[in-house]
Amino acid sequence: MPGEAIEYHSIQLIRDEFLMNIQKFASSIQRTMQQLEGEIKLEMPSISVEGEVSDLAADPETVEILEQCVINWLNQISTALEGQMKKTPQGNGPLAEIEFWRERNATLSALHEQTKLPIVRKVLDVMKESDSLLVANLQPVLTELFKFHMEASDNVRFLSTVERHFKNITHGSSFHVVLETIPSMMSALRMVWIISRHYNKDERMIPLMERIAWEIAERVCKVVNLRTLFKENRASAQHKTLEARNTLNMWKKAYFDTRAKIEASGREARWEFDRKRLFERTDYMATICQDLYDILQVVEEFYNIFGPELKAVTGDPKRIDDVLCRVDGLVTPMENLTFDPFSIKCSQYWKYVMDDFKIEVLVIEKEAKNFIDESFKTLRSAEAAFDMLLKFKHIRSREAINRQMMMKFNDILAQYCKEIDIVNKIFVQNLDNPPLYKNHPPVAGAIYWERSLFFRIKHTILRFQEVEEILDSDGGREVKQKYLELGRMMKDYEDRKYEQWRETTEQILPTLMKKSLLTKTSAAGDDATNPDRVAAFSINFSPALREIINETKYLEQLGFPVPELARNIALQEDKFLRYTDGIQRMLDHYHMLTGTLNEAESLLLDDHSQELLRVFRSGYKRLNWNSLGIADYITRCKQAIGKFESLVHQIHKNADDISSRLTLIESINLFKYPAPKSEDELPGVKEFFEHIERERAKDVDHMVRWYLAIGPLLTKVEGLVIHTNTGKAPKLASYYEYWENRIYEVLTKLILKNLQSFNSLVLGNVPLFQTETILTAPEIILHPNANEIDKMCVHCVRNCVEMTKHFVRWMNGSCIECPPQKGEEEELVTISFYNDISQNPQIIEQAVMIPQNVHRILVSLMKYLQKWKRYRPLWKLDKAIVMEKFAAKKPPCVAYDEKLQFYARIASEVMHHLLIKDEHCIRLQLGPLANTVQENAKSWVVSLGRLLNDSAREELNNLHEEIEVVDHYAL
């Protein structure tokens, strides 16, 4: 903001002023310390100078010592003066000159103050009293010291008045500060020129001004750096170069303004300084700054031309970007200079650079003009091109290109003619089927479309009127004629469309308003004897009526007069929207509700549906869209639907309760077999089937209780629908039948699913029960035997199906269990679902398949046992007879050994056989059979051993007798 910028500038000035005052104060303290301490100290006499001057002058020794002291003072002062005269300012700026005089003043002031000391004055008095020749030598030196000291002091005092200006030039925050400082600085220098006794001569003032010119030039060199200047924001860079040029020019202007004032006064010495020394460099630098400003201006002008507007108009952004790249390349030589552009010695080099720049600018201008000529022959938009030309009239750009632009109005008119032709073509092509905006009705939408096309060309020609001469030309008159012809054609089109709509609306609108609120349709499966049972409804608000309302609103917005009836209906649009929305929501609710009813529930609620339809009837019989009771009708329908919905929800709640019980029944497992006792021990066959029967009996009790709870729930439904609780209401006969069929389906699925599951277990690879193998000579049999296992399996499967006998059927047209009926031979027969389920082919197939599969498994096991028959001789032969025959043969011991080894090998071998055989669901335990075979083999071993023992004893006895006989004979 401007106010904030001024405040910020004031703060900067205060800050700079404060810093300069602090620096000045520090310099003053330093100078005072130098004066107090003194860089050069005069050597004081080594003897005392107390006493009268005449007495001291009368003493030759004292005089001699004091003369030597004075000689030393002369040497010190002369050396000091000579040294000061040789010193020059340390720096090229004006502040260096002020600092130079301050240092000289500090040095000479210290010496001068020492000459005023009492002891020094007394020594000098003694020298005079003694008529010493040194007095004649000393006085000129002291006079010269005083003169130089006064000169330095006077110069410091006057230069201090311009010190603040010099500091602003050197350290100021911006060129703005320097520009403000130069005029006041010149006025201050004028005062110094007038008042000062030393800076009123050319030899002093010209060097000082040279220093000021040097400082200003250096300041410009530092700020205007060509290596970074063109990378900055162009506006900022232009401002910087402009301020630099103005600063350099201000230096010269302020000088000549002050010089003119001096000459006008007529009382002051004129400034006739060497202008070359003062302004040659700054003038040259000002021309360089002007060149830089011009370069930046040229770049800015090119960017003004080749901007987004030209891209939008010409449609060739790539070529424009290429041109701008060449424009950016204009400054590349300036950024890479190998010489100092501000040095007057390099002026020729700078001239070469500028000449090349101007040549390249002319080349780019020529290319730009060619591009513009080509582009305006293929314009994308006449209006955009026209806007761009108007803009170029008010912005700074290249003069040659600007002139070229201003010659393109004819091209714009040609483009505008093309646009009129395009609009005319679009209008003619889409005349019969115009594209419409979303939600626009056909007639008003077509007029909107036609007007949008017309406004597209109208807006452009209105813009052309801003430049009077463009439409007064031959091309302009042709454009105007084409525009007016197209406008007349479009006006005829919209008038024709409006008249057709008005006539049609006045004919059909009364008929549409007399239509009923609803139309009744019938859903699929409609019963001819009772068509209202599944009746469906739809809202009868004609789309044509809705369209007339929309047309009326839009046509009024377009300024057309509409029929009074159509206007009145359009004004009631909100009311009709409320009615149609309310009726539609009510119908959606009704259809959603009836959609939840199955056929049985529809029959059950037939009377209630009829009552509901009686409420609906006036909507499709009596009421129309002119009626005043539509809102009351919607309210009555909603109340009736709400009442019907409440009844439906209660019936569905009871139906859900019944379904949940049927789901529990259907999920029962009728073959809950016992878990294995251990990893190697399974339940026996009898134990397995008895466990299944026990668990099944428990589950059947639960299922029967769930089944018996269905009747009371249906009685509850009877109470809701017809307000009785007999359990045999004729109105609910079909509903009872529906649920009885559901129960039959559930029981059928239950039995079939359990039989299939058990059959899968039977044929599975996991054994469920085990049977043992025993030896019953002469045969090897199962325990229990195969026939018993078959019978147990058949019994278990039969019981699974017969458990449905617990589910007693209902009496016809009721949900009450049918009592036992007398059958043949006067026996009571309970009618249950078993009679139907047992006849189901799938159930019969599964019930037969399970025992067959079990039998096949048993046959496979019996085949497996055949290999044990090779041990049959162990128990089939009569051991006594075999032993007797073997003994009768008087076999040798080797024969006995062979027999013993044979039976011992059998006893060991049988225990190495696989003692457990799993076949699908049955595990065969072979351990008892193996033990029996082993025992038989061992009994043969025992029998043979006994026979061998008897035979050996008999042989031994015989041998003993023979030995005794031999001994007897020997004796």
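Residues numbered from 1 in each chain as written. Predicted model: local features only at pLDDT ≥ 70, side-chain atom pairs only at ≥ 80, totals over all residues. Heavy atoms only, no water.

In the nomenclature of an unreviewed UniProt entry, the protein chain corresponds to Dynein axonemal heavy chain 10 from the organism Bos indicus x Bos taurus.

Within the structure shown, the criterion is met by 35 aromatic pairs. Summarising the aromatic geometry, the rings of phenylalanine 688 and phenylalanine 689 are spaced 5.2 Å apart at their centres and angled 85 degrees between planes, so their arrangement reads as edge-to-face. With a relative accessible area of 5%, phenylalanine 689 lands in the buried category. Pairing phenylalanine 689 with phenylalanine 769 gives two aromatic rings, centres 5.8 Å apart and planes at 50 degrees, and the pair type is tilted. A residue pair is termed long-range when its members are at least 10 positions apart, and phenylalanine 689 in helix α28 (residues 685-708) and phenylalanine 769 in strand β3 (residues 769-776) qualify at 80 residues. Relative accessible area serves as the criterion here: at 2%, phenylalanine 769 is assigned to the buried category. We note lysine 575 situated over the ring of phenylalanine 576; from NZ or CZ to the ring centre the distance is 5.5 Å. (Phe/Tyr/Trp six-rings, centres within 6.5 Å; stacked < 30°, edge-to-face > 60°. Buried < 20%, exposed > 50% of the residue type's maximum accessible area, 1.4 Å probe, protein only. Helix = DSSP H or I, 4+ residues; strand = E, 2+ residues; numbered from the N terminus. Lys NZ or Arg CZ within 6 Å of the ring centre and 35° of its normal.)

Bringing the nonpolar core into the picture now. With 103 residues, the main nonpolar core has Phe616 and Tyr735 as its most contacted residues. The element best represented in this core is helix α27 (residues 630-666), accounting for 14 residues. Once residues lying within four places of it in the same chain are set aside, the contact partners of tyrosine 735 are Ala600, Glu601, Leu604, Ile651, Ala655, Leu714 and Val717. The next biggest cluster of nonpolar side chains, apart from the first, holds 74 residues, and it includes Leu189, Val327, Leu330 and Trp350. (Core = buried A, V, L, I, M, F, W, Y, C linked by side-chain atoms within 4.5 Å. Contact = heavy atoms within 4.5 Å.)

This part is about the side chain of serine 627. Within the secondary structure layout, serine 627 lies in the loop between α26 (606-621) and α27. Side-chain polar atoms of serine 627 contact the backbone nitrogen of asparagine 624, separated by 2.9 Å. (Polar contact = N/O pair within 3.5 Å; in protein donor to acceptor, adjacent residues only side chain to side chain.)

The subject of this paragraph is the state of the cysteines. Inspection of every chain in the model, using the stated rule, returns 0 disulfides. Unpaired in this structure, cysteine 921 has its nearest cysteine sulfur neighbour in cysteine 793, at a distance of 7.8 Å. (Disulfide = S-S within 2.5 Å.)

Quick look at the packing of helix α31 (residues 786-802) against helix α33 (residues 841-865) now. Helix-helix packing: each pair is described by the crossing angle between the helix axes and the interaxial distance. Contact pair α31 / α33: the axes reach a minimum separation of 10 Å and the direction vectors enclose 160 degrees. When the axes of α31 and α33 are compared, the pair comes out roughly antiparallel. In terms of crossing hand, the pair formed by α31 and α33 is right-handed. Between α31, through Ala786, Ile789, Asp790, Cys793, Val794, Val797 and Val801, and α33, the contact on the second element is made entirely by Ile843, Ala847, Ile850, Pro851, Val854, His855 and Leu858. Looking at the contact of α31 with α33 residue by residue, the classes come out as 12 nonpolar, 1 polar and 1 charged. (Axes fitted to C-alpha atoms, helices over the stretch in contact; angles between N-to-C directions. Parallel < 35°, antiparallel > 145°, perpendicular 65-115°, else oblique. Left-handed = near helix turned anticlockwise from the far one by under 90°. Nonpolar A, V, L, I, M, F, W, Y, C, P; charged D, E, K, R; others polar.)

Among the structural elements, glutamate 210 can be located in helix α8 (residues 202-223). Among the residues examined, glutamate 210 registers a relative accessible area of 28% and is labelled partly exposed. Considering only alpha carbons, one finds glutamate 210 and glycine 93, 117 residues apart in sequence, at a separation of 8.5 Å. With residues near it in sequence (within four places) discarded, glutamate 210 still touches Arg277 and Leu278.

This paragraph deals with the pairing of strand β7 (residues 916-919). The sheet contact formed by β7 and strand β8 (residues 922-925) spans 4 bridges and is antiparallel. Across the sheet, the residue bridging to aspartate 918 is arginine 923, located in β8. A loop of 2 residues connects β7 with β8, the two strands running antiparallel in sequence, and histidine 920 in this loop sits at a positive phi of about 55 degrees. (Pairing = 2+ DSSP bridges.)

For the rest of this paragraph, the subject is the pattern of salt bridges. For the coordinates displayed, the defined rule picks out 30 salt bridges. A salt bridge links arginine 451 to glutamate 494; the shortest N-O distance between them is 3.1 Å. In this pair, arginine 451 sits in helix α19 (residues 442-464) while glutamate 494 sits in helix α21 (residues 474-513), placing the two residues 43 residues apart along the sequence. A salt bridge links arginine 502 to glutamate 499; its shortest N-O distance comes to 2.7 Å. Of this pair, arginine 502 and glutamate 499 both sit in helix α21, 3 residues apart, roughly one helical turn. Given a relative accessible area of 24%, arginine 502 falls into the partly exposed group. Taken together, the salt bridges that share partners define one network made up of Arg102, Glu163 and Lys167. (Salt bridge = Lys/Arg side-chain N within 4 Å of Asp/Glu carboxyl O.)

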